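Geometric and topological summary
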Amino acid sequence: MSEKIIISPLDWGLGHATRCVPIIRSYLKQGAEVEIASALSHKKFFAQEFPNLIWHEAPAYNIKYPKYGWAMPFWILKQLPLIYNVMREENKWLADLCEKQKYTLIISDNRFGFFNKKIKSIYITHQLRIAMPFEKLGEKWHKGIMKNFDEIWVPDYEKFPGLAGKLSHPSYTDKRIKYIGPLSRLLSEPEFPEFKKFDILALISGPEPHRSFFEEYAIKYLTEHSGAHCLVRGLPGEVEVPSLPFPIFNHLPADELSEKILASRTVLCRSGYSTVMDLHLLKAKAIFVPTPGQTEQIYLAKLATDN
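Structural notes, computed from the coordinates. For clarity, every value in this text was computed on a predicted model and none was experimentally measured. (Residues numbered from 1 in each chain as written. Predicted model: local features only at pLDDT ≥ 70, side-chain atom pairs only at ≥ 80, totals over all residues. Heavy atoms only, no water.)

On to the overall build of the chain, then. For the chain, the helix and strand inventory stands at nine helices and 12 strands. Against the 2.2 N^0.38 benchmark of 19 Å for 307 residues, the chain shows a C-alpha radius of gyration of 19 Å, consistent with a compact globule. Over its C-alpha atoms, taken along the principal directions, the chain stretches across nearly 60 × 45 × 40 Å. Taken across its 307 residues, the chain has 54% of its residues classed as buried. Within the chain, counting contacts between residues at least 6 apart in sequence, those at least 24 apart form 65% of the total. Between the mean site of the 39 positive side-chain charges and the mean site of the 34 negative ones, the chain shows a separation of 5 Å. (Helix = DSSP H or I, 4+ residues; strand = E, 2+ residues; numbered from the N terminus. Rg over C-alpha atoms; globule rule 2.2 N^0.38 Å. Buried < 20%, exposed > 50% of the residue type's maximum accessible area, 1.4 Å probe, protein only. Contact = heavy atoms within 4.5 Å. Lys, Arg positive; Asp, Glu negative; His and termini not counted. Charge placed at Lys NZ, Arg CZ, Asp CG, Glu CD.)

Right, dumping it as structure tokens:
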């Protein structure tokens, strides 16, 4: 009897959704029945990637970052009641769904309450140690979240520093932790072009309002730098496209995005971990612009630069 799986990513930007794609593909190749649960904001993305799979609307965290980076520590504390409320809501929502659908495996990409004590539940995260102003407190909090899961999958190399350094290589040990290697929806065996079509490719990502802030910054940056450029907005399903003096796309499927990255001399982007994994796969040169106040992205950008 084949497995019946439900998989759900956290809705903090698009990165958690994109790195679920290779896992879904792998299980489908094995003959498993896979269903997807996500916030409404990810529906169009999954509809493009897997138009034939059943999709369920899961409770949304609806996280929006503070406008100013210095406010991030205070914002984190303020968001905790909301996070716990959504955790309880999604856990009950999933329990009701499991009664109807009879899943044999649950996979959560950083969704804190997406587990069921009666069904094997797997938690995907690269942040075993959370980069934040209260690092020890954050690590203890995350360990408490992860105790509800049977396995913890880390999308990184087991040997330190890997791609996420101390984030994915904590001081403690846990037999549930399994390093599964970097995850990317992009081409696994890309053909590298003989010449570069673009000087700079800007990839826009992340939660609002900083996604829009970064898009404004990127447009200004590309306009002020001579050469052939391209911009991908990270807005699957969006219809309107701004008029600019260079190619601009709301969203690109994996094969086309891979081609654009490979055809670019440099990629201008946030240093979110999913983007770091994508660019590592394609051996792309990047200019990382961390989201203000996002200590994880600041750390990852410095780690990538140092290595």
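Moving on to the sheet that holds strand E10 (residues 248–249). Reading across from one edge, E10-E9-E8-E11-E12 is the order of the five strands in this open sheet, with parallel pairing throughout. Since the sheet does not close on itself, it has two edges, and those belong to E10 and strand E12 (286–288), each with one partner. Strand direction decides the pairing type here: strand E9 (residues 229–232) and E10, joined by two bridges, are parallel. When the sheet's bridge partners are listed, Leu-231 is paired in E10 with Ile-248. The strands that helix H7 (residues 254–262) touches are strand E8 (198–203), E9, E10 and strand E11 (264–269); relative to E8, the one it contacts most, it runs at about 135°. (Pairing = 2+ DSSP bridges. Axes fitted to C-alpha atoms, helices over the stretch in contact; angles between N-to-C directions.)

What characterises a pair of aromatic rings is the spacing of the ring centres plus the angle enclosed by the ring planes. Per the stated rule, a full pass over the model turns up nine aromatic pairs. An aromatic cluster of three or more residues is present, and its members are Trp-12, Tyr-61, Tyr-84, Phe-112 and Trp-141. Between Lys-143 and the ring centre of Tyr-172, over which it is positioned, the NZ or CZ distance is 4.3 Å. The ring of Tyr-299 has Lys-166 sitting right over it, with the charged end atom 5.3 Å from the ring centre. (Phe/Tyr/Trp six-rings, centres within 6.5 Å; stacked < 30°, edge-to-face > 60°. Lys NZ or Arg CZ within 6 Å of the ring centre and 35° of its normal.)

Its location among the elements puts Ser-121 in strand E5 (residues 120–124). Polar contacts involving the side chain of Ser-121 include one to the main-chain amide nitrogen of Asn-116, which spans 3.1 Å. In this structure the side chain of Ser-121 is engaged in a polar contact, spanning 3.0 Å, whose partner is the backbone oxygen of Ile-119. Among residues more than four places away in sequence, those in contact with Ser-121 are Ile-106, Phe-115, Asn-116, Phe-149, Asp-150 and Glu-151. (Polar contact = N/O pair within 3.5 Å; in protein donor to acceptor, adjacent residues only side chain to side chain.)

Mapped onto the fold, Glu-90 is located in helix H4 (residues 72–101). Measuring from C-alpha to C-alpha, the distance between Glu-90 and Ile-124 comes to 17 Å, with 34 residues separating the pair along the chain. Once residues lying within four places of it in the same chain are set aside, the contact partners of Glu-90 are Pro-59, Tyr-61, Arg-111, Phe-112, Gly-113 and Phe-114. For Glu-90, the side chain forms a polar contact with the main-chain nitrogen of Gly-113, separated by 2.6 Å.

Our focus in this paragraph is the nonpolar core. Ranked by size, the top nonpolar core spans 28 residues in total, and within it Ile-7, Ile-24, Tyr-27 and Ile-107 carry the most contacts. Elements with a minimum of two residues in this core: strand E1 (4–9), helix H2 (21–29), strand E2 (33–38), helix H3 (43–49), strand E4 (105–109), E5 and helix H8 (273–281). Of all the elements, H2 adds the most residues to this core, at four residues. Not counting residues within four places of it along the chain, the set of residues in contact with Tyr-27 comprises Glu-3, Ile-5, Ala-32, Val-34, Leu-105, Ile-107 and Trp-153. If you look at the next biggest cluster of nonpolar residues, it comprises 17 residues, including Ile-83, Met-87, Phe-112 and Tyr-172. (Core = buried A, V, L, I, M, F, W, Y, C linked by side-chain atoms within 4.5 Å.)

Looking now at unusual backbone geometry. Trans peptide bonds make up most of the peptide bonds, and negative phi angles are found at most residues other than glycine. Looking along the chain, the bond that leaves Phe-160 and enters Pro-161 is cis, with omega of 5°. Within the secondary structure, Pro-161 sits in the loop between strand E6 (151–154) and strand E7 (177–179). Cis geometry is adopted by the peptide bond preceding Pro-209, which originates at Glu-208 and carries an omega value of 5°. Inspection of the secondary structure assignment puts Pro-209 in the loop between E8 and helix H6 (210–224). Unusually for a residue other than glycine, Lys-102 sits at a positive phi of about 60°. Given the relative accessible area of 55%, Lys-102 is considered exposed. If you check the backbone angles, Lys-283 has positive phi at about 55° while not being a glycine. If you trace the backbone, Lys-283 turns up in the loop between H8 and E12.

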